[in-house]
Amino acid sequence: MELQPEMILLDQEYATKEDAIRASGQLLVDAGCVEEGYIDAMIERNELVSVYMGNFIAIPHGTDEAKRYVKKSGISVIQVPTGVRFGKDDTEDVAMVLFGIAGIENEHLDILQKIAIFCSDVENVIKLADAKTKEEVIGYLQEVE
């Protein structure tokens, strides 16, 4: 599953985590990966269990019941240099990079694993958050093996 430039948004700002999650989902909708209903399932998933993963990243994805909305596997990447708060007001759970994910069967797990490995080093997250072009983002994520 390749990262597509049209699935990447750079230098975004969101007032709330819900806005950021919706934007992640909208990229998946626009690319034909999921139906609209998947976006609400992404919000619902975050209410059940935060999609914030630490190290300034969040990985919004749908609930298990939302699999019916998935037409093909896809991943969106949104860069939020100023960060969007995922925790309660008193926590530091701020995401600067969001990876929106939709997967058929287990196709997305491989890329998810690569993202997790890459982003376990906060220096790599900073590279992604500072990237100036979509090609740069794709390049960083392609080096992960």
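The name recorded for the protein in an unreviewed UniProt entry is Mannitol-specific phosphotransferase enzyme IIA component, from Enterococcus malodoratus ATCC 43197. Taken from UniProt, the Function (unreviewed entry) comment for the protein reads in full: "The phosphoenolpyruvate-dependent sugar phosphotransferase system (sugar PTS), a major carbohydrate active transport system, catalyzes the phosphorylation of incoming sugar substrates concomitantly with their translocation across the cell membrane. The enzyme II CmtAB PTS system is involved in D-mannitol transport."

K.L.:
It is not clear to me how the pattern of salt bridges should be interpreted in this structure. Could you clarify?
P.N.:
With the rule as written, the count across this model stands at 2 salt bridges. Between Arg22 and Asp40 there is a salt bridge, with its nearest N and O atoms 3.2 Å apart. With Arg22 in helix 1 (residues 17–30) and Asp40 in helix 2 (residues 37–48), this residue pair connects regions lying 18 residues apart in the sequence. Using a relative accessible area of 47% as the deciding quantity, one classes Asp40 as partly exposed. The salt bridge involving Asp64 is made with Arg45; its shortest N-O contact spans 4.0 Å. Here the residue Asp64 occupies a position in the loop between strand 3 (57–58) and strand 4 (74–85), and Arg45 occupies one in helix 2, the gap between them amounting to 19 residues. Its relative accessible area of 18% is what places Arg45 among the buried residues.

K.L.:
Honestly, the side chain of Arg45 in this entry has me stumped. Any pointers?
P.N.:
In this structure the side chain of Arg45 is engaged in a polar contact, spanning 3.4 Å, whose partner is the side chain of His61. Setting aside chain neighbours within four positions, we find Arg45 in contact with Val51, His61, Gly62, Thr63 and Asp64.

K.L.:
What should I look at first to understand the state of the cysteines in this one?
P.N.:
Covalent bonding between the sulfur atoms of two cysteines is what defines a disulfide. What the rule picks out here adds up to 0 disulfides. The thiol sulfur of Cys33 is not disulfide-bonded, and the nearest other cysteine sulfur, from Cys119, lies at 19 Å. On the basis of relative accessible area, Cys33 is assigned to the buried category, the value being 3%.

Calculation criteria
- Residues numbered from 1 in each chain as written.
- Predicted model: local features only at pLDDT ≥ 70, side-chain atom pairs only at ≥ 80, totals over all residues.
- Heavy atoms only, no water.
- UniProt positions renumbered as here; feature names shortened; annotations may be inferred.
- Salt bridge = Lys/Arg side-chain N within 4 Å of Asp/Glu carboxyl O.
- Helix = DSSP H or I, 4+ residues; strand = E, 2+ residues; numbered from the N terminus.
- Buried < 20%, exposed > 50% of the residue type's maximum accessible area, 1.4 Å probe, protein only.
- Polar contact = N/O pair within 3.5 Å; in protein donor to acceptor, adjacent residues only side chain to side chain.
- Contact = heavy atoms within 4.5 Å.
- Disulfide = S-S within 2.5 Å.

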